[in-house]
Amino acid sequence: VQLQASGGGLVQAGGSLKLSCAASGRFFSINDMGWYRQAPGSQRELVAAITRGGITNYARSVKGRFTISRDNGKNTVYLQMNSLKSEDTAVYSCNARASVPIVGNMDYWGKGTLVTVSS
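A brief structural summary. Just so it is clear, the structure is predicted and the values come from calculations on it, not from any experiment.

## Focus: the pattern of salt bridges
Once their charged atoms are close, side chains differing in charge can pair, the charge on each being opposite to the other. For the structure shown, the criterion picks out 4 salt bridges. The salt bridge partner of Glu45 is Arg37, with a shortest N-O separation of 2.7 Å. Residue classification places Glu45 among the partly exposed residues on the basis of a relative accessible area of 33%. A relative accessible area of 6% places Arg37 in the buried class. For the salt bridge of Arg65 with Asp88, the shortest nitrogen-to-oxygen distance reads 2.7 Å. Here Arg65, found in the loop between strand 6 (56-58) and strand 7 (66-71), pairs with Asp88, found in the loop between strand 8 (76-81) and strand 9 (90-100); they are 23 residues apart in sequence, far enough to count as distant. Residue classification places Arg65 among the buried residues on the basis of a relative accessible area of 11%.

Next up, the structure:
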């Protein structure tokens, strides 16, 4: 399973960005999907997650500003980020739990995409 993320970049504080992450490869289904981020000198943290059925979970720091969504037909997860702050600057990575042949459920990670918010 491969995860291809896109949408990062440089934005001014208060601006918006939308990240996308598409899963491809051999799998029966993509179950939970999520976005994590890691700022320089910090540990990776969960930003937002969404189940296949659409139940969402957000980090307290982004609640009300970020929205996670998914398109199960396209095996794609999105992260709409509004009212961005300088502290949102980080490398954002997507994660997916996929049901794959033989092995069963496994977690996969995409390459990170850098989001830089200038103040």
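## Some thoughts on the packing of aromatic side chains
Tallying each qualifying case throughout the model produces 1 aromatic pair. Measuring from centroid to centroid gives 4.9 Å for Tyr36 and Trp109, while their planes differ by 65 degrees, and the two rings are edge-to-face. Of this pair, Tyr36 sits in strand 4 (residues 29-38) while Trp109 sits in strand 10 (residues 104-109), and the two are 73 residues apart along the sequence. The exposure class of Tyr36 is partly exposed, given its relative accessible area of 23%. For Trp109, a relative accessible area of 37% translates into the label partly exposed. Sitting over the face of the ring of Tyr78, Lys18 holds its NZ or CZ atom 4.8 Å from the ring centroid. Between Arg44 and the ring centre of Tyr36, over which it is positioned, the NZ or CZ distance is 5.9 Å.

## Structural notes on the sheet that holds strand 3 (residues 17-24)
What the 4 strands build is an open sheet, ordered 1-3-8-7; its pairing is antiparallel. Here the strands that pair on one side only, and so sit at the sheet edges, are strand 1 (2-6) and strand 7. Between one strand and the next, the sheet's axes are offset by a mean angle of 15 degrees, whatever the strand orientation. Summarising the sheet, strand 1 and strand 3 pair through 5 bridges and their orientation is antiparallel. Across the sheet, the residue bridging to Gln2 is Ser24, located in strand 3.

Calculation notes
Residues numbered from 1 in each chain as written. Predicted model: local features only at pLDDT ≥ 70, side-chain atom pairs only at ≥ 80, totals over all residues. Heavy atoms only, no water. Salt bridge = Lys/Arg side-chain N within 4 Å of Asp/Glu carboxyl O. Buried < 20%, exposed > 50% of the residue type's maximum accessible area, 1.4 Å probe, protein only. Helix = DSSP H or I, 4+ residues; strand = E, 2+ residues; numbered from the N terminus. Phe/Tyr/Trp six-rings, centres within 6.5 Å; stacked < 30°, edge-to-face > 60°. Lys NZ or Arg CZ within 6 Å of the ring centre and 35° of its normal. Pairing = 2+ DSSP bridges. Axes fitted to C-alpha atoms, helices over the stretch in contact; angles between N-to-C directions.

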